[in-house]
Structures are given as C-alpha cells and as structure tokens.
There are 2 protein chains.
Amino acid sequence: MAVVGTGLVGTSIGLAVSRHGVKVHLLDKDEVAARTAAALGAGVVGAPDEPVDLAVIAVPPSAVGGVLAEMQARGLARTYTDVASVKAQPARDVRKSVDAPSSYVGGHPLADRERCGPLAARADLFEDRAWVLTPSETTSQDAVNQVFAMIALCGAVPVIMGERAHDDAVALTSHAPRVVASLTAARLQHGSQESFRLAGQALRDVTRMAVRDTGLWNDILQANAPAVAGVLRELRDDLTTLLTTLDDLSSAPQDNGSQSLEPMVDLLNRGAAGLAALQEWQAADRQAHVQVLVPERPGQLVRLLDVLNTFHVEQEDVVPRHSTEEGFSITFAVPAMRAGQIVMELSRAGWNAEFVDPVSGARKAEVCF
Amino acid sequence: MAVVGTGLVGTSIGLAVSRHGVKVHLLDKDEVAARTAAALGAGVVGAPDEPVDLAVIAVPPSAVGGVLAEMQARGLARTYTDVASVKAQPARDVRKSVDAPSSYVGGHPLADRERCGPLAARADLFEDRAWVLTPSETTSQDAVNQVFAMIALCGAVPVIMGERAHDDAVALTSHAPRVVASLTAARLQHGSQESFRLAGQALRDVTRMAVRDTGLWNDILQANAPAVAGVLRELRDDLTTLLTTLDDLSSAPQDNGSQSLEPMVDLLNRGAAGLAALQEWQAADRQAHVQVLVPERPGQLVRLLDVLNTFHVEQEDVVPRHSTEEGFSITFAVPAMRAGQIVMELSRAGWNAEFVDPVSGARKAEVCF
C-alpha cells in the first residue's frame, strides 16, 4: 500500500493496516510529517519500486484530482482512493484530469478529531466508524473491493452513498458544526480574564472543534460551499428571529407576559427535539423500558443506583416518574436484548421491577425539574 | 441549612454539605423532586421548626425575588443566597420586594451539566469550580461570610464580582454558547437517518449542551437579554459575512484565486485565535517549553512518547518542529514547577533534552500539517 499525505488521517490508516502486517509506503511533500509518521510505525518513507495494490490520497479536497493524476502518471498503484471530506468536487476534478478513472473510488472515513497532524494519529481512529465510498458508474468492482479490504483492516464500516447525498449529510453533521464552533470561538479572541474564569463545560464543548487547520478547512468549505451555506442560512435566520425577541425584551423588560417570547421558546424546543432525535438514533438499540418502585427508606435509592451501575445503566438515563404512598418509582431504558435478565436479577434481589411502555410522547427533554 | 428548589444545583449543594455533617432541609413545590433529593442523601424533606443559619434559593432567576420574600416572611433562615445564573435582574427584584436585603447575597456556582434534575446531582459538582458572589452595598459582612463557609464545604472557589460584570461574562461563556448549541441542534430535527450515520465528534460536541430544560432557559435568556444579544449579534454578523462568501463561491466555483475568500479565512483564523486564547488561559501554568532530539531509528519516537506519558505530558501537546541530519526534534510545554525534573530525568535516560523559548508568535493552530 501507499499513503500520499501523512497528516492525521493518512498516518492513522498507515498505523491501522501496518498492525496487520501490510507494508505501507509513506509519501508527503513535508518531509518532517512523513518521517514522523514512519517513526510512529505507520510505514516506511518513500515511494515503492513497483506499483502497489492500493494508494490512499490523503490530501485536501482541491488537491485530490491533481495528486491522483500525478500518481497515476508515475504508476504508483493499481487502485486509488482518497479521504477528502467532500466528494462531488474531487470527483469532477478526477473526471476532468485523470486518464483511468475506473481505478479510483472516492472515499471518506468519518473520524474527526480536534487535533491534526501525524502525532494525533491513532491506529484505532476508524474502529466502528462509518467509511463512506462514492463509486461512480465507471469505477471497477475490483477497485471497490480493494478499498473494502483496507476498510476492514481499519475496523471501519463501509457505507456506499452518492456524492451529492454525502456532501449534503456532512454539511449538516460536520462542516456546519465546525463553522459554528469557529464562530463561537471567535468571540473569545478579546475575552477578559474575568470571563475565562467563569468558562465551563458549555463553552469548552461548543468551541472544542473550532477549526485549527484553517488552510485545510478553507479548502473543504470552498469545495462544499452550497451545501454548507444551506445549513448555515437556516441557522442564521433562526438567530436573526431570536435577536429580535431578545431586543424586544431588552427594551421592554417588564412586558414579560407578551407573546413576543414565542420565537425563543420555539427555537429552544426545536433544539431540544433535534438533540433528542440525534441521541435517539444513536441509542436506537436501547428500547426496553423498566420501572422500579423505590421504597422510601434512607439509602434505598442510592442502593438501587449502585445496582443499576453494575448493569451499566447510566445514572443520567434514570428518570423519577410516579409518586405513590409506598414511595416513588423510577424508569430507565436498557438494551432490549439485556432487559429480561436485568428485570429478573432486580426481582431476585428484592426490587419491585417490571417492564413499562415508555410514556407516549414523553421525551427526556421534558422530564427535567 | 435549607435548600429551596431541589433540581440539579440545589440537590448537589445538599449532597456536598451533608457529607460534612450539616443538616439540610429540602423544600420543593414538586414533591417527587424533594423526595428524590432526600433519598439520594441531600437532606430531609420539609421546613425546619426554627430559622436555620443559611437558606439557598435554588430556583430560576425570575422566581428568586418572590421566593426570597416568601421565605423571609415565614422566617426560614437568618441568611439567604441564590444560585441563579443571572444576577442583575434578581437583585433588582430583591431590592423591590424584600424587606431585609442585608441578609441576602447573590450567588452563582459555575457548574453547568447538560443534564438537569436531582438525579444528575453530584456531591463534587462544585469542586475547584468558581462560585460567584455579588454582594451589594447593603449586604452584611456576616451574610457573605456565612455563604463563604458553605462554598468551602462544597470545595468551590469564591469569586466576588459586580452583577453587571457577571452577567456580561456568563453571556459570553455560558448563555450564548448554549443558544448556539440549540441553534445547531435545531437543524437536526428533520435530519435523515443517512446524515445521522455520518455524525461524529464535531456534531456531538457542538450540540451536547443544547438546552433541554427550556422553561428554565427561557427564564435565563429573558433575564440576561441585552448581554446575550450583544454576543449573538456579533456572531450573526460574522455568519452573514461568511454566507456572502459561500454564496459567491457557489455561483462562481472556478474563481478560486479571487480575494472573496478573505472573510472566510479571517473568520477561521479568529476562531482559532479565540480557542487558543481560552486554552492558553486554562493552561496558564504550563509555561516551560522543552525540546527533545529524536534519533531517526525505528521505535525511538514511540519510546519517547511513552516516557512523556509517564510525566503526564499529553501526546496532543507534543509538536514536531525542526528537522536536522541527525533526526528531528519535538517540543512540548510542561508545568514550570515540574520542568526541571522532567529535563533531568530525560537526560539521565539518554535523551538530548533542553529548555527552549517558545517560538515567538507560534500558536498550536499553525503547526498542523
């Protein structure tokens, strides 16, 4: 194999496949980057003497077409893929400039870290993550299978998508969020020491993924401009509506009962619903709901939470629901395949535990008090 | 002590001071919440027979004045504080409606979690965190000292600030970021399953703190509307400028060399600088920079990273810098008070290690490749 471009992703691929005994040739115009990757164990520096089975072009989106044409011309490999987080623009470049497009399949391993460069690389960066491939009509089945083999060595899950569908999806799930992180972080440039003293989890979380590698991201946003603009325009319009509400409140702080609050309530509700949609998808297999009656004696709830902990039920998923004369009950969701055993073991330990239907329409967002 | 309002913050305070043997009375209009807090060990449900030393009013900002007046009228405590994340508006309410304002000192423990409610409470929620107090001219020294004692039991660090300065600071570091998280999460409400499959760290980080307790946050944003609007208006203006750039790129994708990219580059750079400012403040004690020469033999870099790991130097803080004939060198920053020992131990283990001046003006954001 060959990896052209030994940044975070290229180096991590080198580390992942090297574990399985694959010989990897590392190429980078930045000599320190290639030597660093080699020193980490991602492969050996320099081009192979003969064509390798597969070359991964791990360069920014706008450079994919040019580097691919160059590597094909020197006969680096029999098959090529790339890792750019935009797929339509590189595909257009490839169709324009590359002689043998059948040997190329577009790819994008989903593995965003806030850090970049080879030293942030990890052999397990792609484990259990999606790795999108966007084969075109001209791509040979051989090329796709070659890349499947590498994806398997990296422990990732292949996902076949159209270029446009991929670019729209990552605009929503990756590109726009990183712009939002940068927009928020930009407010901190002249933040006072006093403000920073009050910074907590919210600020850290929202700004952690602010773009550091501005050159690469300038390239990515340029290549996916229409899709990113679509997501950000909706966000901007919501923000403008919210600002009108906040300005109304600032000028008439006493007029609290008025209906001018509605847009703010609506936005917060939609945000909570969006977060719930994402988290429900991510927790799709947590479907059985269990209810346990907690006798109102000191220490009972703590004892129950300890037991649930041994079942890997997260405390944050536990919700108190009903209050009765005998005490109150809590509910929690567990993976369906483990629910039966958990209810049985709780009952055996003396708890009054049973399956319940999740309260219809109740979302986590609404049970806060 | 008494805690009025047993949500996340009220219950956590109860847990923290109960550890030290303080008797805590828990009051909440939601009976299940109070009983849950008591069952967790935060105190006992119900009002005390005689006035307690200190009552914490842990209710939303707009309710602080009313609840404080009510509790003073029934003689719940000799001293009062609150925990609302906005300070100017409640202080105005208190001055209007409360008979003995000298017994009240405004407070705000900085401890944002994404979860809410008593079950998310933790005794160590405030440990090593800032706890802002905003005493006014009428506040008695006795009241402030009483609250200092409770803050100490919670393991937090008191910070005295003006109400306005506090509200401006949290608008920047907490309120605006949570609105941004909600704005981003709102885009997901109708996200496709295919998009969610591609969701990674960036989306999770930026949306994790989206507001769930919309009632509370409606109240907070209303109470701090002018300051929050100030931060968000700057963000909106940056976003509008960026959208113009993205639209220009969408309509003329070939015209890449034009200067129309400048606003995008500028925004990303300001975001990186803002993030660096925050992280540098948070890492203010990491000041000594060490450089180590890495011989270019297989395994040397991995061996060095392992050693650095034992010194708790995070791999992500290690930066490769210079390339020479003998190999290349890396630099990293360590707490000044431990730097001497680290250089000595590295040297003793055979490494060529020395102190260096940080390259002037070089930021982490610029060393990515």
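Here the structure is a predicted model, which means the values were calculated and not measured.

About the cut-offs
- Each residue is numbered by its place in its chain's sequence as written, counting from 1.
- For this description, chains carry letters from A and ligands carry numbers from 1, given in the order in which they are written.
- For this predicted model, a pLDDT threshold of at least 70 governs which residues receive local features, and a threshold of 80 or more governs which side-chain atom pairs are given and counted, while totals over whole chains, interfaces and linings are taken from all residues.
- Excluded from the side-chain calculation are hydrogens and water; included are all heavy atoms of the structure.
- In this analysis, axes come from line fits to C-alpha atoms, helices being fitted only over the stretch in contact, and the angle between any two N-to-C directions falls in the range 0 to 180 degrees.
- Only runs of H or I of at least four residues qualify as helices and only runs of E of at least two qualify as strands under DSSP, and these elements are numbered from the N terminus.
- With respect to orientation, any angle under 35 degrees is reported as roughly parallel, any angle over 145 as roughly antiparallel, any angle of 65 to 115 as roughly perpendicular, and every other angle as oblique.
- Crossing handedness is read from the near helix: turned anticlockwise from the far helix by less than a right angle, it gives a left-handed crossing, and turned clockwise, a right-handed one.
- Note on definitions: a residue-residue contact is assigned when non-hydrogen atoms from the two residues lie within 4.5 Å.
- Gly falls in the polar group here, along with every residue not listed as nonpolar (Ala, Val, Leu, Ile, Met, Phe, Trp, Tyr, Cys, Pro) or charged (Asp, Glu, Lys, Arg).
- In short, DSSP must find at least two bridges between two strands for them to pair.
- Copies are brought into register by a least-squares superposition over C-alpha atoms of residues with pLDDT of at least 70 in both.
- Summed over both partners, the accessible area lost on bringing two parts together, with a 1.4 Å probe, is the buried area.
- Each reported salt bridge corresponds to a side-chain nitrogen of Lys or Arg within 4 Å of a carboxyl oxygen of Asp or Glu.
- Two N or O atoms count as a polar contact when they lie within 3.5 Å, although within protein this holds only if one can serve as hydrogen donor and the other as acceptor, and sequence-adjacent residues are included solely when both atoms are side-chain atoms.
- The rule is simple: take the accessible area with a 1.4 Å probe, protein chains only, and divide by the maximum for that residue type; under 20% is buried, over 50% is exposed, in between is partly exposed.
- How sure the predictor is of each residue is captured by pLDDT, a score from 0 to 100.
- Centre distance within 6.5 Å is the pairing criterion for rings of Phe, Tyr and Trp, where only the six-membered ring of Trp is used; planes under 30 degrees apart are then read as stacked, over 60 as edge-to-face, and the remainder as tilted.

A. Structural view of the packing of helix H6 (residues 163–186) of chain A against helix H6 (residues 163–186) of chain B. As a packed pair, H6(A) and H6(B) sit with axes 11 Å apart at the nearest point and diverge in direction by 165°. In terms of orientation, H6(A) lies roughly antiparallel with respect to H6(B). When the axes of H6(A) and H6(B) are compared, the crossing they make is right-handed. Only B:Pro177, B:Val180 and B:Thr184 of H6(B) make contact with H6(A), whose side of the interface consists of A:Pro177, A:Val180 and A:Thr184. Looking at the contact of H6(A) with H6(B) residue by residue, the class counts come to four nonpolar, two polar and no charged.

B. Seen up close, the sheet that holds strand S6 (residues 104–109) of chain B. All names here are of chain B. A sheet is described by the order of its strands in space; here eight strands give the open sequence S3-S2-S1-S4-S5-S6-S7-S8, paired in mixed fashion. With one partner strand each, in any of the chains shown, strand S3 (44–45) and strand S8 (157–160) form the two edges of the open sheet. Across five bridges, strand S4 (residues 52–57) lies against strand S5 (residues 77–82) in parallel orientation. Bridge pairing in S5 places Ile57 opposite Asp82.

C. Main features of the relation of the copies chain A and chain B. Rotating chain A by 180° about the axis while translating it 0.0 Å along that axis superimposes it on chain B, leaving an RMSD of 0.1 Å. Classification of the inter-copy transformation places it as that of a two-fold axis. Scanning chain A for the C-alpha nearest the rotation axis identifies A:Val206, at a separation of 2.2 Å. Take the interface residues of chain A: 100% of them recur as interface residues in chain B, which is what a same-surface contact looks like.

D. Layout of the interface of chain A and chain B. Between chain A and chain B, the residue contacts involve 125 residues of the former and 125 residues of the latter. Surface buried jointly by chain A and chain B totals about 11800 Å² across both partners, of which 67% is contributed by carbon and sulfur atoms. Run the count over chain A and chain B and you get eight salt bridges. The closest approach of N and O atoms between A:Asp205 and B:Arg208, which form a salt bridge, is 3.2 Å. In this assembly, chain A and chain B are joined by 16 residue pairs in polar contact (both at pLDDT 80 or more). Sort the elements by how many residues they give to the side of chain A that touches chain B and helix H10 (residues 225–251) of chain A lands first, with 19 residues.

E. Main features of the sheet that holds strand S2 (residues 25–27) of chain A. With respect to topology, eight strands assemble into an open sheet ordered S3-S2-S1-S4-S5-S6-S7-S8 (chain A), the strand pairing being mixed. Of all strands in the sheet, those with a lone pairing partner are strand S3 (44–45) and strand S8 (157–160) of chain A, marking the two edges.

F. Up close: the pattern of salt bridges. For the structure shown, the criterion picks out 30 salt bridges over all chains. The salt bridge partner of A:Arg187 is B:Glu234, with a shortest N-O separation of 3.3 Å. Placement of A:Arg187 in the loop between H6 and helix H7 (193–197) and of B:Glu234 in helix H10 (residues 225–251) is noted, with the two residues assigned to different chains. We classify A:Arg187 as buried; its relative accessible area is 10%. The salt bridge partner of B:Asp82 is B:Lys87, with a shortest N-O separation of 2.9 Å. For the pair shown, B:Asp82 and B:Lys87 are each scored as buried. Sharing partners across several salt bridges, the network here consists of A:Arg187, B:Glu234, B:Asp238, B:Asp266 and B:Arg270.

G. A look at the confidence of the model for chain A. On average, chain A scores 87 in pLDDT, and the residues at 70 or more come to 90%. In the model, residues 359–369 of chain A has pLDDT below 50 throughout and makes 20 contacts with residues more than four positions away in sequence or in other chains.

H. Molecular detail of the packing of H6(A) against H10(B). Across the interface, H6(A) lies against H10(B) with an axial gap of 9 Å and an inter-helix angle of 135°. Between H6(A) and H10(B), the angle is such that the two are oblique. Considering only the axes of H6(A) and H10(B), their crossing is right-handed. Contacts from A:Val179, A:Leu183, A:Thr184 and A:Ala186 in H6(A) reach B:Leu235, B:Asp238, B:Leu239 and B:Leu242 in H10(B). In terms of residue class, the contact of H6(A) with H10(B) is made up of six nonpolar, one polar and one charged.

I. Looking closely at the packing of aromatic side chains. Evaluated as defined, the whole model comprises four aromatic pairs over all chains. Taken together, a centroid distance of 6.4 Å and an interplanar angle of 55° make the contact between A:Trp281 and B:Phe196 tilted. Separated into two different chains, A:Trp281 in helix H11 (residues 262–282) and B:Phe196 in helix H7 (residues 193–197) make up a pair that spans both. Taking the relative accessible area as the measure of exposure, A:Trp281 reaches 27% and is therefore partly exposed. Of the residues examined, B:Phe196 reaches a relative accessible area of 3% and is grouped as buried.

J. Spatial organisation of the environment of B:Val211. Note on placement: B:Val211 falls in the loop between helix H8 (201–207) and helix H9 (214–223). The exposure class of B:Val211 is buried, given its relative accessible area of 1%. For the pair B:Val211 and B:Val356, spaced 145 residues apart in sequence, the C-alpha to C-alpha distance is 45 Å. Contacts of B:Val211, omitting those with residues within four sequence positions, involve A:Leu268, A:Ala272, B:Arg178, B:Ser182 and B:Trp217.

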